[in-house]
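One-letter residues, chain by chain:
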Amino acid sequence: MKINLNFQIKNLQGEEIKGEFGHAGKVLANMLAQQSKGNSIKLYDWALKLWNSQALELDDMDAGVLYALVENSETLTIIAKVPIMKAIKK
């Protein structure tokens, strides 16, 4: 499955959050790069692709891993988690 996170996250008023702090791929890339557990090589590869606005090509198992990382993250806010989780489940 192809997961494209090349979009801006929206605030509670429905307005796009500008810059890299609102870019879903860059937000997730930062979160992945800060992980200290898991498959380091895979997470690093995902972070690089997301940072460079590339889509991820994942199987169902890897998509589940990514979804769980987002859902269980203590560094991502709910406003970032929900659109990212929806994009993964799409």
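Everything here concerns the structure above.
Observations concerning the environment of phenylalanine 21
Thought 1: In this structure, phenylalanine 21 sits in the loop between strand 1 (2-3) and helix 1 (24-33).
Thought 2: Of the residues examined, phenylalanine 21 reaches a relative accessible area of 72% and is grouped as exposed.
Thought 3: A sequence separation of 59 residues divides phenylalanine 21 from alanine 80, and the C-alpha atoms of the two residues are 9.7 Å apart.

Some details on helix 1
Thought 1: The buried count for helix 1 comes to eight of 10 residues, which makes it a mostly enclosed element.
Thought 2: Those residues of helix 1 that sit buried are Ala24, Gly25, Lys26, Val27, Leu28, Ala29, Met31 and Leu32.
Thought 3: Summarising the contacts, the buried residues of helix 1 are in contact with helix 2 (40-51), helix 3 (60-72) and helix 4 (78-89).

Considering the environment of methionine 31
Thought 1: By secondary structure assignment, the location of methionine 31 is in helix 1.
Thought 2: On a C-alpha basis, the gap between methionine 31 and serine 73 in space is 8.0 Å, while along the polypeptide they are 42 residues apart.
Thought 3: In contact with methionine 31, other than residues within four places in its own chain, are Leu69, Val70, Ser73, Thr75 and Leu76.

Reading the values: the criteria
Residues numbered from 1 in each chain as written. Predicted model: local features only at pLDDT ≥ 70, side-chain atom pairs only at ≥ 80, totals over all residues. Heavy atoms only, no water. Helix = DSSP H or I, 4+ residues; strand = E, 2+ residues; numbered from the N terminus. Buried < 20%, exposed > 50% of the residue type's maximum accessible area, 1.4 Å probe, protein only. Contact = heavy atoms within 4.5 Å.

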